[in-house]
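Working through the structure, step by step
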Amino acid sequence: MDTVKSLFKPKPIGDWLVSGADLGHGHGSADYKKSLSALDLIFMGVGAIIGAGIFTLTGEAAKNITGPAVTVSYVIAGVICAFAALNYAELASMIPISGSAYTYTYATLGELLAWLIGWDLMLEYIVGAASVAVGWAFYVEYFLHEASGGTITFDPKLVNAPVIWVEKTQSFEVTGNYFNLPAFIGVVAMTIILSTGIRMSSVVVNVFVVIKVIVVLMFIFGGIKFANPANYEPFAPYGTTGIFRGAIIVFFAYIGFDAVSTTAQEARNPQRDLPIGIIGSLLICTLLYIGTCLVLTALLPYNLISEKASVASAFVTAGGPSWFGVILALGALAGLTSVMMVTLLGQPRIFRAMANDGLFPEIFAKISPKTQVPVFTTVFSGTICAIMAAVLPIDVLANLTSVGTLFAFLCVSVAVPILRYTQPDRERGFKIPFGVVGGYVFPAISIALIITVLVIGGTAATVVRVLVWLAIGLVVYFSYGFWWSKLRHPEKWGLNDVAQGVPEGFVEKK
């Protein structure tokens, strides 16, 4: 019974707040470099959010699942993310430590659920980056073909996945393709850049963010000239179920704002700047998404929208100049590149947070003294991501990412009221508005919305894949983390069994 109880024992927040100043302690490694401002975090959030969702999945959702009502799907997903963003902002200001939803769950629901969330977040970050890489490959192919006047073409067997998922038969089918080479190369390139250091990475991301926001605005205002409101009819050809199914797919387009919270220990003033980065980036992207959807579905009848490079090809097909389509494709490439970078940036930091708790081997916690980033975990994550991007289709990857992320959002929404109740006096740099009522009602609304979307829009195949993934995670946990957890086995690490490594005489701040 004591063993079972220990699995659900929360980790005291004070342990993170003290050890957070030196998370490299005991690992012979340096700490993170604090170099990110609030503006950097907003750019990072926008960099992570605007990508494959808007440039690729919007066309697929509109054509096959929602029709022009894809705009409504974006609104539903945006509302869920708005409530989730408030939850993330409060928790990030309260526990300004890398680890995102994993850290927040550990502080409220205990080790076992925290492990499952950390394992689940791999679906968001590694699988998410892989799906973005596949969308990136679509635009590489389109851009080079159009920019060269059609002289540069790719062998289809080298730009498509070797398998596809067939919804009708609920099974994978072999396509005869070899693998997606551009997607593989893209992930490898981003992994190399990320290994050089956070400051260089953030500068590259900021440049790409400026480019893609300009291009999205060019599409919105340039596309209005070719828009035909008659294309909005029929508005919801696949019914209400299609709208909710679409919400799960386009929900992928919003994933990224929570990646800001994984850089807590690299922010100059995390308690102030993290909420600004999380909420600010989500607000900017929501407005751009709604504008893009309204224009895209007005350019062509929904059944004629391309599933590949949808934004650029729709503009040209509707009568826009081909050179403008090339510019849009270039902007999409910039957008997708920044998403890959930020998503691949987040996963190593979650690995490291888990390793610092003893749930992964120590090598996952090491930071390079030269670059001040976790190089091993960055390369490890990038390798897995590159393989997935090369062999799996984008729809399978995106659905896995969306459902996995919704599960993480659910746990974060549960964590806020628990901490409001158990630790009401702890300092919070940001609080969900409307006092006590907001602190309980807003998370409850978030939980209800997430469950509704999963029940109405989730497919059995995707849910089964996520459950299988979590089952594998349990096997990994009970093979290693269960035996080496610092919270449950402090004696193995030479730690005090009350607070892990907290200096003698330390009084935890409330």
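Rules behind the numbers
Residues numbered from 1 in each chain as written. Predicted model: local features only at pLDDT ≥ 70, side-chain atom pairs only at ≥ 80, totals over all residues. Heavy atoms only, no water. Helix = DSSP H or I, 4+ residues; strand = E, 2+ residues; numbered from the N terminus. Buried < 20%, exposed > 50% of the residue type's maximum accessible area, 1.4 Å probe, protein only. Areas by Shrake-Rupley, 256 points an atom, 1.4 Å probe, with all protein chains shown as cover. Salt bridge = Lys/Arg side-chain N within 4 Å of Asp/Glu carboxyl O. Phe/Tyr/Trp six-rings, centres within 6.5 Å; stacked < 30°, edge-to-face > 60°. Lys NZ or Arg CZ within 6 Å of the ring centre and 35° of its normal. Core = buried A, V, L, I, M, F, W, Y, C linked by side-chain atoms within 4.5 Å. Contact = heavy atoms within 4.5 Å. Polar contact = N/O pair within 3.5 Å; in protein donor to acceptor, adjacent residues only side chain to side chain. 1 Å grid on protein atoms, 1.4 Å probe; cavity = no way out; pocket = protein on both sides within 12 Å on 5 of 7 lines; lining within 4 Å. Points joined across faces, edges and corners; volume = space filled by probe spheres on them. Nonpolar A, V, L, I, M, F, W, Y, C, P; charged D, E, K, R; others polar. Axes fitted to C-alpha atoms, helices over the stretch in contact; angles between N-to-C directions. Left-handed = near helix turned anticlockwise from the far one by under 90°. Pairing = 2+ DSSP bridges. Patch = residues over 30% accessible without salt bridge, like charges linked within 9 Å, V, L, I, M, F, W, Y side chains within 5 Å. Expected span 1.5 Å × (residues − 1).

What to know about the overall build of the protein
Regarding its fold elements, the protein presents 17 helices and two strands. Looking at the protein as a whole, 60% of its 510 residues qualify as buried. Roughly 18,700 Å² of accessible area belongs to the protein as shown, and the carbon and sulfur atoms make up 70% of that amount.

Comments concerning the pattern of salt bridges
Evaluated as defined, the whole model comprises two salt bridges. With its nearest N and O atoms 2.5 Å apart, the salt bridge here joins aspartate 357 to lysine 11. Taken together, the residues aspartate 357 in the loop between α13 (322-356) and α14 (375-391) and lysine 11 in the loop between α1 (2-7) and α2 (13-19) connect sequence positions 346 residues apart. Among the residues examined, aspartate 357 registers a relative accessible area of 2% and is labelled buried. The partner of glutamate 90 in a salt bridge is arginine 420, and the shortest N-O contact between them spans 2.8 Å. Taken together, the residues glutamate 90 in helix α5 (residues 70-94) and arginine 420 in helix α15 (residues 394-422) connect sequence positions 330 residues apart. You'll find glutamate 90 and arginine 420 in the same group, each marked buried.

Some thoughts on the packing of aromatic side chains
Counted by the stated rule, this structure contains 28 aromatic pairs. An angle of 20 degrees between the planes, with centres 6.1 Å apart, marks the rings of phenylalanine 376 and phenylalanine 380 as stacked. Taken as a pair, phenylalanine 376 and phenylalanine 380 lie in helix α14 at a separation of four residues, close to a single helical turn. Taken together, Trp115, Trp119, Phe351, Phe360, Phe364, Phe376, Phe380, Trp469, Tyr477, Phe478, Phe482 and Trp483 form an aromatic cluster joined through their ring pairs. The ring of tryptophan 493 has lysine 486 sitting right over it, with the charged end atom 4.7 Å from the ring centre.

Some remarks on helix α12 (residues 310-317)
Counting buried positions along α12 yields six of eight residues, so the element is predominantly enclosed. Residues of α12 that are buried: Ser310, Val311, Ala312, Ser313, Ala314 and Phe315. Looking one or two residues past α12, glycine 319 carries a phi angle of roughly 120 degrees, positive in sign.

Observations concerning the nonpolar core
Formed by 150 residues in total, the largest nonpolar core has its most connected members in Ile50, Phe55, Tyr74, Tyr139 and Phe219. Element by element, the count of residues in this core is highest for helix α7 (residues 111-147), at 24 residues. Those residues in contact with isoleucine 50, other than ones at most four positions away along the chain, are Phe55, Lys212, Val216, Cys285, Leu288, Tyr289, Gly335, Ser338 and Val339.

Let's talk about the side chain of asparagine 160
When you line up the elements, asparagine 160 lands in the loop between α7 and β1 (163-166). Only 2.9 Å separates the side chain of asparagine 160 from the backbone oxygen of proline 156, close enough to count as a polar contact. Among all residues touching asparagine 160, those that are not within four sequence positions of it are Asn177, Phe179, Asn180 and Lys308.

Notes on empty space enclosed by the protein
Applying the stated criterion across every chain, the model contains three cavities of 30 Å³ or more. Considered as a void within the structure, the largest cavity measures approximately 80 Å³ in volume. Along the walls of the largest cavity sit 14 residues, with Ala48, Val132, Phe252, Ile255 and Val339 positioned nearest its centre. Listing elements by their share of the lining of the largest cavity, those giving two or more residues are α3 (38-49), α4 (52-66), α7 and α13. Of the residues forming the lining of the largest cavity, the biggest block, four residues, is contributed by α7. Among the residues forming the lining of the largest cavity, the class breakdown is nine nonpolar, four polar and one charged.

Details of the packing of helix α10 (residues 239-251) against helix α16 (residues 435-457)
Running from N to C, α10 and α16 point in directions that differ by 115 degrees, and their axes come no closer than 8 Å. α16 is crossed by α10, and the crossing has left-handed handedness. Residues Thr241, Phe244, Arg245 and Ile248 of α10 form the contact with α16, whose own contacting residues are Thr452, Val453, Leu454, Ile456 and Gly457. In terms of residue class, the contact of α10 with α16 is made up of five nonpolar, three polar and one charged.

Considerations on the pairing of strand β2 (residues 171-174)
Across four bridges, the pairing between β1 and β2 is antiparallel. Paired with valine 166 across the strands is serine 171, a residue of β2. The hairpin formed by β1 and β2 contains four residues between the paired strands, and glutamine 170 there has a positive phi angle of roughly 55 degrees.

Section: a nonpolar patch on the surface
Together, Tyr178, Phe179, Leu181, Phe184, Ile185, Val188, Ile192, Ile387 and Val391 make up a nonpolar patch on the protein surface, roughly 760 Å² of accessible area in all. Elements represented by at least two residues in the nonpolar patch include exactly α8 (181-194) and α14. For the nonpolar patch, the element with the most residues is α8, which contributes five residues. Positionally, leucine 181 belongs in helix α8.

Some points on α16
Between its terminal C-alpha atoms α16 stretches 33 Å, which fits the 33 Å expected from 23 residues at 1.5 Å a residue. When α16 is considered as a whole, its buried residues turn out to be Gly438, Gly439, Phe442, Pro443, Ser446, Ile450, Val453 and Gly457.

Side note on the environment of valine 441
With respect to the helices and strands, the residue valine 441 is situated in helix α16. The sequence separation of valine 441 and proline 417 amounts to 24 residues, and the corresponding C-alpha distance is 8.8 Å.

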